[in-house]
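Examination of the molecular architecture
Residues per chain, in single letters:
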Amino acid sequence: MLDLLKDLWSFMRVRKKFWLAPIILMLLLLGMLVVMTQGSAVAPFIYTLF
């Protein structure tokens, strides 16, 4: 996992694709939100957003 992050960062740095960083961050946060609320009472309200 750490190697993947290093490779991704070096790709963005070398190719000057820093605009990808906020997109990747938002996707990770959204994925964590779905996983964390999967078994809670908030889950039906989260899934209605998608």
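Residues numbered from 1 in each chain as written. Predicted model: local features only at pLDDT ≥ 70, side-chain atom pairs only at ≥ 80, totals over all residues. Heavy atoms only, no water.

**Some points on the overall build of the protein chain**
Counting its secondary structure elements, the protein chain contains 3 helices and 0 strands. Seen in sequence order, the protein chain has helices and strands lined up from the N terminus as α-α-α. By the compact-globule yardstick of 10 Å for 50 residues, the protein chain is too spread out, its C-alpha radius of gyration being 15 Å. In terms of overall dimensions, the protein chain has C-alpha extents of about 45 × 20 × 10 Å along its principal axes. Counting across all 50 residues of the protein chain, residues that qualify as buried make up 8%. (Helix = DSSP H or I, 4+ residues; strand = E, 2+ residues; numbered from the N terminus. Rg over C-alpha atoms; globule rule 2.2 N^0.38 Å. Buried < 20%, exposed > 50% of the residue type's maximum accessible area, 1.4 Å probe, protein only.)

**Things to note about helix 1 (residues 2-15)**
Under the 1.5 Å per step criterion, the end-to-end length of helix 1 is 20 Å for 14 residues, consistent within 8% with the ideal 20 Å. For helix 1, a buried count of 1 out of 14 residues is recorded, marking the element as mostly open to its surroundings. Following helix 1 by one or two positions, K16 has its phi on the positive side, about 55°. (Expected span 1.5 Å × (residues − 1).)

**Thoughts on the packing of aromatic side chains**
Summed over all chains, the structure comprises 1 aromatic pair. Aromatic side chains W9 and F18 sit 5.9 Å apart centroid to centroid with 55° between the ring planes, which places their arrangement in the tilted category. Judged by relative accessible area, W9 falls into the partly exposed class, the value being 45%. (Phe/Tyr/Trp six-rings, centres within 6.5 Å; stacked < 30°, edge-to-face > 60°.)

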